[in-house]
Amino acid sequence: MSARFATQRQTEIGLGILRIVTGLVFAAHGYQKFFTMHIEGVTGFFTGLGVPLPGISAILVSTLELAGGLAFAAGLFTRPIGVLLALDMAGAIFFFHTGFFVPKGVEFVLMNLASALALAIGGPGAFAIDRMIGGRGSASRT
């Protein structure tokens, strides 16, 4: 009895779904930082956590999550943005998250990190702008 493996197209669709959902989750958190917490609130939060250069870090992280999350969802510059989002989550784990379970646990942030990193490695999958503008970032190009 042989195992059934996913076809290349199924893999691409799976990566595309993961990319879209992950990007939208990041964008929602960036939106929250800009429009609910506001940059001043994020700066204060980062200051309390001991994040270096909290005023600059707050702007960079908020922008990465909102604009980068939207670009990621669209499949634009998937690989470099995936690396940046993974680093963002590594920073969140280092500075804030303790234990495993929410509210301060790492499980949600770790899933975001793993998803972003998997897409940085595997490429954007289906339905990506990267594929439409010359295949940049696609899983099939090595």
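Residues numbered from 1 in each chain as written. Predicted model: local features only at pLDDT ≥ 70, side-chain atom pairs only at ≥ 80, totals over all residues. Heavy atoms only, no water.

*Asks:* Pulling in residues and values, what's your account of the packing of aromatic side chains?
*Replies:* The tally for this structure, following the rule as stated, stands at six aromatic pairs. Seen from their ring centres, Phe 45 and Phe 46 are 6.2 Å apart, and the 45 degrees between their planes marks the pair as tilted. The buried category is assigned to Phe 46, whose relative accessible area is 9%. Summarising the aromatic geometry, the rings of Phe 100 and Phe 101 are spaced 5.1 Å apart at their centres and angled 85 degrees between planes, so their arrangement reads as edge-to-face. Taking relative accessible area as the criterion, Phe 100 reaches 45% and is therefore assigned partly exposed. Among the aromatic residues, those joined into a cluster by ring pairs are Tyr 31, Phe 34 and Phe 35. (Phe/Tyr/Trp six-rings, centres within 6.5 Å; stacked < 30°, edge-to-face > 60°. Buried < 20%, exposed > 50% of the residue type's maximum accessible area, 1.4 Å probe, protein only.)

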